[in-house]
Amino acid sequence: MDEYNRFVDWDKMDVTVQSQDAKELTCTEFQELKQLARQGYWAKNHSLRAKAYHKLISNIPCRTVTPDANVYRDIVVKIVGKRNSSSLPLPEFVDDSLVPTYCLNAEGIGAVRKIILCVANQFPDISFCPALPSVIALLLHYSKDEAECFEQVCRILACNDPSKRLVDQTFLAFESSCMTFGDLVNKYCQAAHKLMVAVSEDVLEVYSDWQRWLFGELPMVYVARVFDVFLVEGYKVLYRVALAILKFFHKVRAGQPMESDSIQQDIRAFVRDIAKAVSPERLLEKAFAIRLFSRKEIQLLQMANEKALQQKGITVKQKSCCFSVFCIVFLRQNVHLAVHAENFKSEIVSVKEMRDIWSWIPERFALCQPLLLFTTLEHGCSLSRFYSHSEGHEPTLLLIKTTAKEVCGAYLSTDWSERRRGGNKLSFFGTGECFVFRLQPEVERYEWVIIKHPELATSGSEPENHASPTSNTLSSSSVPSDPSERLSPFLSARHFNLPSKTASMFMAGSSECIIIGGGDGQALYLDADLNHGRTGHCNTFNNQPLCSESFQISILEVWGFRD
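Computed from a predicted model, the values in this text were never measured in an experiment. (Residues numbered from 1 in each chain as written. Predicted model: local features only at pLDDT ≥ 70, side-chain atom pairs only at ≥ 80, totals over all residues. Heavy atoms only, no water.)

Turning to the pairing of strand S5 (residues 435–440), a few remarks are in order. The side chains of a regular strand alternate between both faces of the sheet. Burial analysis of S5 places five of its six residues in the buried class, the great majority of the element. Looking at chain direction, strand S3 (residues 407–412) and S5 are connected through five bridges and run antiparallel. Residue pairing across strands places Gly 409 opposite Phe 437, the latter belonging to S5. (Buried < 20%, exposed > 50% of the residue type's maximum accessible area, 1.4 Å probe, protein only. Helix = DSSP H or I, 4+ residues; strand = E, 2+ residues; numbered from the N terminus. Pairing = 2+ DSSP bridges.)

Structure representation (structure tokens):
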């Protein structure tokens, strides 16, 4: 252990870190490494963790020319000179106020700044990398000298495996990861998301802190345990742990008064003092209990969010912004600004109700403003006019008010023109981002069971008790011929191992009717005259129906998304 103690202030370290006898890391198989990392095999032996990190990082596939320890020795004197390392100015791509010390001694604290400057010299393409100081500070614990730490950091930054994302190095990548995290919270932490929407004026600003929780506020012993698994499993682990943190925050703080102007600080304080609420083992246990989307699905979602930002021309960080305060005015407007009261008029929902719906939709479309496409009050109760006004828009929002004053609707991810792929047959299409919801008499959102409960989507044959009403009568339902040609995540036919009768059963339309839902979720059926509808309750996990089983439509509106 002596060779790895140069930068460590052992008086600040947990003594249990030094209490275990040295072990050897001999395995090379991914599954075995994954199990050992999750179990914390090398967590209580400083030397073993150093050797594990060296082995894992040395196996990262990198660019042909990646700066190594010798490069650091050559450039550090030229870059740093005789300046005091503890006061060295940092490049703009990191936040100078967020350089964690992680139980480092004075030499280690100065070394963090020196290595950051040398990294900036060798990686001029890095434009935004707020996690870098934390990564360097942690790796210094397990490095013999500054040069070795520099080399390990460079290998992480220079990873050229397109399937292995490690550290965000541009504002575009970072901001799209914040949007992706917001989407995941919306799916997997609905109670916490509901709380954030209720107490925060801008939920994305809260979620933009997610990497700060991990690489800024989380205590060193927790960060190290997360990093153990991160080096083996990659970026997806970070999403898991951040979701687990939010779940624990909600569990601890639910029911307590919170103010909108302090919610970010409340979460940061909770993360800093997380040891009072949960152990590192329990945090990881919670993180890996979340049945998260696959790496490929998350990558698709990330790509979609990046594309949305690029289309908005948002690719760089404003110089005046700090780690957690971004160009929000250009991104997802806060809930109270996303739907402008002066420009919004609906005969079905209020501005407040539309803002509630806006908090549920995917982040990349929450960049947009609502645009009324069709209303029965103006365009009449014609299904053909419904199609003609809705086609060419993706996604769309359907709102229905019944004669009994019930209000329900659906978020529809796919253009209605897709219905023509089935020819004259009624065929289903859409993606797993679709959902239906109820606003009156009570607010409720219904997600498809195959997303909310992915364990139901692993069967190769259709269980009898999961058959939907539509699957009995519409056995000819088909899947779009090539769903990969659209950049839309959660493509059920490709990414869920679903039986053919329930694949892509999200939305369908013909000249005779519209069906929204099916599969294992709530289903909504609208007749051709758009005057009458009915609902199905298809083995959903929520006992509350969408609305009356049979209902008369008072008003129907379709909304699009305007840039």
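It is worth spelling out the packing of helix H10 (residues 210–217) against helix H12 (residues 236–253) at this point. Viewed as axis vectors pointing N to C, H10 and H12 meet at an angle of 95°, and their least axial separation amounts to 9 Å. Considering their axes alone, H10 and H12 lie roughly perpendicular with respect to each other. Contacts between H10 and H12 involve Trp 210, Trp 213, Leu 214 and Phe 215 on the former and, on the latter, Leu 238, Tyr 239, Val 241, Ala 242, Ile 245 and Leu 246. Looking at side-chain class alone, the contact of H10 with H12 contains ten nonpolar, no polar and no charged residues. (Axes fitted to C-alpha atoms, helices over the stretch in contact; angles between N-to-C directions. Parallel < 35°, antiparallel > 145°, perpendicular 65-115°, else oblique. Contact = heavy atoms within 4.5 Å. Nonpolar A, V, L, I, M, F, W, Y, C, P; charged D, E, K, R; others polar.)

Right, let's get into the pattern of salt bridges. By the definition in use, this model includes 22 salt bridges. Residue Asp 125 pairs with Arg 63 through a salt bridge whose shortest N-O separation is 3.7 Å. In this pair, Asp 125 sits in the loop between helix H4 (106–122) and helix H5 (132–140) while Arg 63 sits in the loop between helix H2 (46–58) and helix H3 (69–80), placing the two residues 62 residues apart along the sequence. Accessibility expressed as a relative area gives 34% for Arg 63, which makes it partly exposed. With its nearest N and O atoms 3.0 Å apart, the salt bridge here joins Glu 217 to Arg 272. Of this pair, Glu 217 sits in helix H10 while Arg 272 sits in helix H13 (residues 263–272), placing them 55 residues apart in sequence. Taken together, the salt bridges that share partners define one network made up of Arg 212, Glu 217 and Arg 272. (Salt bridge = Lys/Arg side-chain N within 4 Å of Asp/Glu carboxyl O.)

The buried fraction of S3 amounts to six of the six residues, a majority that puts the element mostly inside the structure. Taken together, the six bridges between strand S2 (residues 396–402) and S3 define a ladder with antiparallel strand orientation. The partner of Lys 401 across the bridge, within S3, is Val 407. The antiparallel hairpin formed by S2 and S3 contains four residues in its connecting segment, where Lys 405 sits at a positive phi of about 70°.

Most of H13 sits out of view: seven of its ten residues are buried. Along H13, the residues classified as buried are Ile 263, Gln 264, Asp 266, Ile 267, Arg 268, Phe 270 and Val 271. Buried residues along H13 sit against helix H8 (190–199), helix H9 (203–207), H10 and H12.

Where H5 meets helix H11 (residues 220–233), the closest approach of the two axes is 11 Å, and the angle between their N-to-C directions is 95°. Taken together, the axes of H5 and H11 lie roughly perpendicular to each other. Residue-level contacts link Ser 134, Val 135, Leu 138 and Leu 139 of H5 to Met 220, Val 223, Ala 224 and Phe 227 of H11. Its residues placed into classes, the contact of H5 with H11 shows seven nonpolar, one polar and no charged.

Overall, the predicted model of the protein reaches an average pLDDT of 80, with 79% of residues at or above 70. Looking across the protein, the model is least confident in helix H21 (residues 469–473), with a mean pLDDT of 34, and most confident in helix H6 (residues 146–157), with 97. Predicted confidence is poor over residues 449–504, with pLDDT under 50, and the contacts of this stretch with residues over four places away or in other chains come to 128 contacts. Within the model, the stretch residues 538–543 combines pLDDT values under 50 with 20 contacts to residues more than four positions away or in other chains. (pLDDT = per-residue confidence, 0-100.)

Residue Glu 394 is joined to Pro 395 through a cis peptide bond whose omega torsion reads 0°. Of the consecutive residues Gln 440 and Pro 441, the connecting peptide bond is found in the cis state with omega at 10°. Structurally, Pro 441 is set in the loop between S5 and strand S6 (444–447). Phi at Cys 103 takes a positive value of approximately 60°, unusual for a residue other than glycine. Secondary-structure assignment places Cys 103 in the loop between H3 and H4. Cys 103 sits in the buried class, given a relative accessible area of 18%. Unusually for a residue other than glycine, Lys 405 sits at a positive phi of about 70°. Along the chain, Lys 405 turns up in the loop between S2 and S3.

Here we come to the nonpolar core. Ile 156, Trp 210 and Ile 245 are the most contacted members of the largest nonpolar core, which has 128 residues in total. A domain split of this core shows at least three residues from each of domain 1 (1–14 + 37–164) and domain 2 (170–335). Contact partners of Ile 245, with chain neighbours within four places excluded, come to Trp 213, Leu 214, Leu 218, Phe 270, Val 271, Ile 274 and Leu 283. One finds Phe 374, Phe 386, Leu 398 and Val 558 within the second-largest nonpolar core, a separate group that totals 26 residues. (Core = buried A, V, L, I, M, F, W, Y, C linked by side-chain atoms within 4.5 Å. Domains from an automatic or database assignment.)

The next point concerns the side chain of Asp 209. As for its position among the elements, Asp 209 is in the loop between H9 and H10. You can call Asp 209 buried: its relative accessible area is 1%. A distance of 2.7 Å separates a polar atom in the side chain of Asp 209 from a polar atom in the side chain of Arg 268. (Polar contact = N/O pair within 3.5 Å; in protein donor to acceptor, adjacent residues only side chain to side chain.)

Looking now at H2. When the terminal C-alpha atoms of H2 are compared, their 18 Å separation across 13 residues agrees well with the 18 Å that a helix rising 1.5 Å per residue should span. Of all the positions in H2, only His 46, Ser 47, Leu 48, Arg 49, Ala 50, Ala 52, Tyr 53, Leu 56 and Ile 57 are classed as buried. Looking at the buried residues of H2, the elements they touch are helix H1 (30–39), H5, H6 and H11. (Expected span 1.5 Å × (residues − 1).)

Along the chain, Ile 516 turns up in strand S8 (residues 513–516). Take Ile 516: its relative accessible area is 0%, and that puts it in the buried class.

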